[in-house]
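Close look at the chain arrangement
Residue strings, one per chain:
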Amino acid sequence: MGGGARRLLLLLGLCSWTAALRGNENSESLPESIPSAPGTLPHFLEEPDDSYIIKSNPIVLRCRAVPAMQIFFKCNGEWVHQNEHVSHESLDEATGLKVREVSINVTRQQVEDFHGPEDYWCQCVAWSHLGTSKSRKASVRIAYLRKNFEQDPQGKEVPIEGMIVLHCRPPEGVPAAEVEWLKNEEPIDSNLDENIDTRADHNLIIRQARLSDSGNYTCMAANIVAKRRSLSATVVVYVNGGWSSWTEWSSCNARCGRGWQKRSRTCTNPAPLNGGAFCEGMSVQKITCTSLCPVDGSWEVWSEWSVCSPECEHLRVRECAAPAPRNGGKHCEGLSQESENCTEGLCIQDVERGGDIALYSGLAAAVLAVAVLALGVTLYRRSQSNSLLLNSSLQPDLTVSRTYSGPICLQDPLDKELMTESSLFNPLADIKVKVQSSFMVSLGVTERAEYQGKAHPGTFPHGNHRAFGTIQARNKAMYIQNLASISTSSELRTTALFGHLGGRLVVPNTGVSLLIPHGAIPEESSWEIYLAITQKESSLEPEGPEVLLGPEVSCGPPELSVSTPFALTIPHCAHADPQHWNIHLKRRTQQGKWEEVMSVEEETTSCYCLLDPYACHILLNSFGTYALIGEPISDCAVRQLKVAVFGCLSCNSLDYNLRVYCMDNTPCAFQEVVSDERLQGGQLLEEPKLLHFKGNTCSLQISVLDVPPFLWRIKPFTACQEVPFSRVWRGSPRPLLGAFSLERFSPATTQLCCKVCVRQLQGHEQLLHIQTSVLETDRENITFFAHEDSNFPAQLGPKAFKIPHSIRQRICATFDAPSAKGKDWQMLAQKNSINRNLSFFATQSSPSAVILDLWEARHQHDGDLDSLACALEEIGRTHSKVSDVAEPELEEPEFPSSRNGL
């Protein structure tokens, strides 16, 4: 009885609700529930799907639910009229429940007439005895595909094994167009060829070009509406010719005298193809040769007849030596010896034999007499020598021996030659003297000299010996103090233990740093990572016009493998202009040889180089030793030099030395000069200035001007000095370019005012104003370095990064997701002045994370989060500065809520 009454009430309520729906077509609200009865809530077997309207064809949205008494559509917050519903009811044989299916049509006009903050949407609402259920919202959009590509691929000519990158940006469309590449009208399948990659944001990348890759490439864009073809791009893979090996030298073409030899090679290794350059150089080489002419032998004149022999014969000889046969010439013809009877037949052999016996006996007696005489003379001389040694009373004079130690100053300022012991102390062979020229002493490079012998009047300083001793003691104390604070190793090196959280490693005061991103090192593992600068002369020998633009930097260990590229920052001294410089990155192999990694302007997916005005930031996947090499393209290429002037007192208390340095405009080069000057007791006299040194082969002039005439005088022939272009342009391990010696007229003069002019002929000029006290106690110190990294060479974990990790994750999640107009991370790169070689970022798992790592490397000193926040606001993805962002709580929105609050 009670159940029947409840069902009756439910039917009455449903009828009244249906009448209200029919009577009010513009009703904006319906009851969310009807009188309920025992049962279950409706369950949707089919929900409306997102749909696209193609041209003018309407689309059909369907809903199917069980159990359901009624189903109605709600579009854009308004109920759809009942007459527009097509309803069908059936019975589920398995459960016995009613299954209701409803569908509506949505036309193009309805979508175009709707103007709202979001897309046109519809959802189903189903009723049962217990209440209502709502389906998902289905969006309805008008599908289209514009005709023109935003970027067509461009034809290229590339060398064999070079990289080919064809860019393609398809037309704007809804839904977003899918891109397919055609080569000679045949589809390209990157799954069948590992050398081809088409995943990098619709671009076609061929890692190593082959001859078979030449052809016409077309970008095809298609969606559900239409297909579009881009303009065809012709790719030509060419082969530059290469010389074969030289043949062996031919034989001399002249059989006698001067002639020629030649050897040849061909341009077939490989032969030039598809317009490749022909081999440069000569295909044939010739050298002169001389073939020795054959000389026939000729007899000399006969010798005199010999004495008559016991056999009553005498003989004579001749030699084939006038000339002797050589170079294959003929030998003399005839006999080389003749003999004949010397007694005209009257030979008496017995008499001759008796005379020979007497002759031999006389000779034996003479030899015996000479031997006895020689023995007697030897014994006499030996006895005289022994008596002289036993009776000698001569003693060496040891009273004149003295020992001196200290710097030796030469008073003659014009003496430029190194004096040796043979020229100064020739009569005393045992004296060992080490003397330096006045030019070396003026530089402050004095060494201790120890010798024995009489004092030479020209080797000691004139004047007050007490004052000299005071200066010497003071310089020695300064030397010991500075030596304790300067590293004497050939490397500037820093190390730290890094883990999964990453960090930053800095070589203090050098501009060299290493950034290990968060997550680059696997979890539960740690590595000791080092960063070092080679201070000695680099092992890299530039080829041809190439020059070294910065320090040689090593990082490691080499066996460490990272999952995310790390950032290495190397300072450089080039005025980076691609019209005047071609800058390369090189790496030293395990065999000690240097190989080119990439050009700064090259597009590659192996690494990335971003060239700032004073440093180069490199994204790498492997550790090793790297260096920057620059090849000047024109005479307008500029090498930036830092000009610094140091000064110190000479060993003569009246002399003052000025030393002028022109070094690379990098912090590490300046630090090396400062370290050397500290060892010599030098003081920086003026803030260093920047000099733009052009590659126009003009030399550098250094001069001292406006020296006070009545207080100081500059020593003759040193007021102006000229340095060859090659020494400045190539860079020198010892960048001292000019040394000047000034002399005071009186010890009372303690102030020095002058100017140092450094200029390149037909180039830039800098003028440094020197105003200093020659007394070290009155001198003002000039700060060498201002960066704070000297106190924190290693920063580990979150403290090393300017962007908080939580904000970084949100930025990556936002910009890595694709949108209808392309990849948002490309806009992030553009706002951070990253406009080329985007293929490198496209191949990374998170392009936005790598872009932010590069931002961290570039802003390690300023950490300008405001500029990053402004860039994000311009893109339109955030509305507040990064530094003020707080993490919001994530909530699941309900279906009736609009998307404006997300």
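Coordinates for the structure precede this section.
Throughout, residues of each chain are indexed from 1 in the direction in which the sequence is written. Totals for whole chains, interfaces and linings use every residue, but because this is a predicted model, local features are given only for residues with pLDDT of at least 70 and side-chain atom pairs only at 80 or more, for both listing and counting. Where side-chain values are given, they derive from all heavy atoms of the structure, hydrogens and water being excluded.

Quick word on the overall build of the chain
In terms of helices and strands, the chain carries 13 helices and 51 strands. Summary of the burial criterion: residues with accessible area below 20% of their type's maximum are buried, those above 50% are exposed, and those between are partly exposed, where the area comes from a 1.4 Å probe applied to protein chains only. In the chain, which comprises 902 residues, the share counted as buried stands at 40%. Residue contacts follow a heavy-atom distance rule, with two residues in contact if any of their heavy atoms lie within 4.5 Å. Here the analysis covers contacts within the chain between residues at least 6 apart in sequence; of these, 69% occur between residues at least 24 apart. A 1.4 Å probe and the Shrake-Rupley method give the accessible areas. Residues count as covered only by the protein chains that appear here. With an accessible surface of roughly 51,500 Å², the chain has 51% of that area assigned to carbon and sulfur atoms. Elements are defined by DSSP. Helices are runs of H or I of four residues or more, strands are runs of E of two residues or more, and each kind is numbered from the N terminus.

So, the state of the cysteines
The definition used for a disulfide is geometric: two cysteine sulfur atoms within 2.5 Å. Under the criterion given, the structure shown has eight disulfides. Disulfide pairing places C75 opposite C122 at an S-S distance of 2.0 Å. Where C75 bonds to C122 through sulfur, the torsion about that S-S bond is close to 110 degrees, and the disulfide is right-handed. Here C122 lies in strand β8 (residues 120-127) and C75 lies in strand β4 (residues 70-75), a separation of 47 residues in the sequence. Each member of the pair, C75 together with C122, is buried. Note on cysteine connectivity: C168 is disulfide-linked to C219, with sulfurs 2.0 Å apart. Its S-S torsion of about -75 degrees marks the bond between C168 and C219 as left-handed, since a negative value means left-handed. Here C219 lies in strand β18 (residues 215-222) and C168 lies in the loop between β12 (164-166) and β13 (173-174), a separation of 51 residues in the sequence.

Here we look at helix α7 (residues 667-680)
To estimate how far a helix should extend, the number of its residues minus one is multiplied by 1.5 Å. The terminal C-alpha atoms of α7, which comprises 14 residues, lie 20 Å apart, in line with the 20 Å expected from a rise of 1.5 Å per residue. Burial in α7 covers these residues: C668, A669, F670, Q671, V673, V674, S675 and E677. G681 sits one or two positions beyond α7 and adopts a positive phi of about 80 degrees.

Some points on the packing of helix α9 (residues 805-815) against helix α12 (residues 847-858)
Between α9 and α12, whose axes approach to 8 Å, the crossing angle comes to 135 degrees. Between α9 and α12, the angle falls in the class oblique. As α9 runs across α12, the sense of the crossing is right-handed. Residue-level contacts link R808, I811, C812 and F815 of α9 to S848, A849, L852 and D853 of α12. A class-by-class count of the residues in the contact of α9 with α12 yields five nonpolar, one polar and two charged. For helices, the fitted line uses only the C-alpha atoms of the stretch in contact; every axis is such a line through C-alpha atoms, and the angle between N-to-C directions lies from 0 to 180 degrees. Put simply, angles under 35 degrees are roughly parallel, angles over 145 are roughly antiparallel, angles from 65 to 115 are roughly perpendicular, and the rest are oblique. In this scheme the handedness of a crossing depends on how the near helix is turned from the far one: anticlockwise by less than a right angle means left-handed, clockwise means right-handed. Three classes are used, and their members are as follows: Ala, Val, Leu, Ile, Met, Phe, Trp, Tyr, Cys and Pro are nonpolar, Asp, Glu, Lys and Arg are charged, and the others, Gly among them, are polar.

A closer look at the pairing of β18
Counting buried positions over the eight residues of β18 gives six, a clear majority of the element. Two strands pair when backbone bridges link them, and strand β14 (residues 178-183) and β18 are joined in this way by six bridges, in the antiparallel orientation. Counterpart to E180 in the pairing with β18 is M220. Two strands pair if DSSP finds at least two bridges between them. Bridge count for β18 against strand β20 (residues 233-238) is three bridges, and the pairing is antiparallel. Bridge pairing in β20 links Y217 to A233. Hairpin connection of β18 to strand β19 (residues 227-229): four residues between the antiparallel strands.

Here we look at the nonpolar core
Nine residue types can take part in a nonpolar core, namely buried Ala, Val, Leu, Ile, Met, Phe, Trp, Tyr and Cys, and a core is a set of them joined through side-chain atoms within 4.5 Å. If you look at the biggest cluster of nonpolar residues, it comprises 68 residues, and the most contacted ones within it are L514 and L568. Residues contacting L514, with those up to four places away along its chain left out, are G503, R504, L505, I529, L531, C555, F566, A567, L568 and F623. Of all hydrophobic cores here, the second largest spans 29 residues; its members include A567, A849, A857 and L872.

Focus: the sheet that holds β12
The three strands are arranged β12-β17-β16 in an open sheet whose pairing can be described as antiparallel. This sheet does not close on itself; its edge strands, each paired only once, are β12 and β16 (196-197). Summarising the sheet, β12 and strand β17 (residues 204-206) pair through three bridges and their orientation is antiparallel. Counted as the bridge partner of L166 is L204 from β17.

Side note on helix α10 (residues 824-831)
Within α10, the full set of buried residues consists of D824, W825, L828 and A829. Summarising the axial view, the buried residues of α10 lie within an arc of 150 degrees, below the 170-degree limit, and thus occupy one face. In the stretch just after α10, S833 is the one whose phi turns positive, near 60 degrees. Think of the arc as the fan of directions from the helix axis to the C-beta atoms.

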